[in-house]
Amino acid sequence: HRDLHSFPTRRSSDLPKEKKNRTTAAVLSLIVGILLMLVKFWAHNMTKSQAIFSDALESIVNVTAAGLAFLVMYYSARPADEDHPYGHGKVEFFSAAFEGGLITFAGVFIVIESLQAFLAGSTLHRLSEGLYIVAAAGVANLLLGLFLLRTAKRNSSVALRASGHHVISDFWTSVGIILGLIVVKFTEIFWLDPVIAALVGLSLSYQGFNLVRSSAVGWLA
């Protein structure tokens, strides 16, 4: 999430095209995010895995952030006025900071839920099928994240860059969950499932904090 406020100089003639590209990317991110969220909750309902549940919760953040990014695309494209002589572009830093706050909150919630699941104990079901579903969703997240980062770079969008980084971090979360659950599958040490989820939650909290901090620097710059 570093250098959120560093983008190449753009010409005024490029602004209408940039607006269209940003909006298209934000809408695509929202649609794909909703679909992947539903798929992950389906996998959780199938397996009862706390680790997969943590991945699904992160998808809620993705969807919320994508919806916010769409609104930001519209607002930031408005022309300069008396109150905003340099335009409305800095609202994107607010979007990135808000997304960071959501990620942090999700991480804390996942840790709490994981501790409760660890103490209660659980048994997993249909784990192989669930792993295939999470793997497919992870690949889709990677492709979406790369697309968002590419669009953000070409169209100077802080909000899309933040979303792209988060979506790719979601991919790596899925990778970690898959590897951990493969171990659970072959060892049948089921208490590792909430432990994996707790590690995911701690990682998300750290990422969210860093995103809020870097966005604050961009806002004040």
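Our structure's up above, just so we're on the same page.
Just so we're clear, the structure is a prediction, and the values are computed from it rather than from any experiment. (Residues numbered from 1 in each chain as written. Predicted model: local features only at pLDDT ≥ 70, side-chain atom pairs only at ≥ 80, totals over all residues. Heavy atoms only, no water.)

**As for the overall build of the protein chain**
If you tally the helices and strands in the protein chain, you get 6 helices and 0 strands. Ordered by position from N to C terminus, the α and β elements of the protein chain give α-α-α-α-α-α. Residues classed as buried in the protein chain amount to 47% of the 221 residues present. Considering only contacts in the protein chain between residues 6 or more positions apart, those separated by 24 or more positions represent 80%. (Helix = DSSP H or I, 4+ residues; strand = E, 2+ residues; numbered from the N terminus. Buried < 20%, exposed > 50% of the residue type's maximum accessible area, 1.4 Å probe, protein only. Contact = heavy atoms within 4.5 Å.)

**Quick look at the pattern of salt bridges**
Following the criterion strictly, the structure yields 3 salt bridges and no others. One salt bridge connects Asp170 with Lys40, and the closest N-O pair in it is separated by 3.0 Å. Taken together, the residues span a long stretch of sequence, with Asp170 in helix α5 (residues 158-187) and Lys40 in helix α1 (residues 15-47) at a distance of 130 residues. Neither Asp170 nor Lys40 differs from the other in exposure class; each is buried. Salt bridges sharing partners connect three or more residues here, namely Lys40, Asp55 and Asp170. (Salt bridge = Lys/Arg side-chain N within 4 Å of Asp/Glu carboxyl O.)

**Comments concerning the environment of Val63**
Examined against the element boundaries, Val63 turns out to sit in helix α2 (residues 50-76). Put simply, Val63 and Ile31 are 32 residues apart on the chain and 8.2 Å apart in space, counted from C-alpha to C-alpha. Filtering out sequence-adjacent residues up to four positions away, Val63 remains in contact with Leu30, Gly33, Ile34 and Met37.

**Some words on α5**
With 30 residues, α5 extends 44 Å between its outermost C-alpha atoms, agreeing within 8% with the 44 Å of an ideal straight helix rising 1.5 Å per residue. Phi turns positive, to about 60°, at Glu188, one or two residues after α5. (Expected span 1.5 Å × (residues − 1).)

**Brief notes about the environment of Ile196**
When you line up the elements, Ile196 lands in helix α6 (residues 192-220). Considering only alpha carbons, one finds Ile196 and Ser114, 82 residues apart in sequence, at a separation of 8.5 Å. Beyond its immediate chain neighbours, meaning those up to four positions away, Ile196 contacts Ala51, Ile177, Gly180, Leu181 and Val184.

**So, the nonpolar core**
Counting residues in each nonpolar core, the largest one holds 28 residues, and the members touching the most others are Ile52, Leu127, Ile177, Leu181 and Val184. The set of elements that each furnish at least two residues to this core consists of α1, α2, α3 (91-120), α4 (127-155), α5 and α6. With near-sequence residues (within four places) excluded, Leu127 lies in contact with Thr47, Leu181, Val184 and Lys185. (Core = buried A, V, L, I, M, F, W, Y, C linked by side-chain atoms within 4.5 Å.)

**Side note on the packing of aromatic side chains**
Following the criterion strictly, the structure yields 3 aromatic pairs and no others. Aromatic pair Phe118 and Trp191: ring centres 6.4 Å apart, planes at 90°, arrangement edge-to-face. Separated by 73 residues along the polypeptide, Phe118 in helix α3 and Trp191 in the loop between α5 and α6 bring together distant segments of the chain. Since its relative accessible area comes to 39%, Phe118 is described here as partly exposed. Taken together, a centroid distance of 4.9 Å and an interplanar angle of 65° make the contact between Phe171 and Trp172 edge-to-face. (Phe/Tyr/Trp six-rings, centres within 6.5 Å; stacked < 30°, edge-to-face > 60°.)

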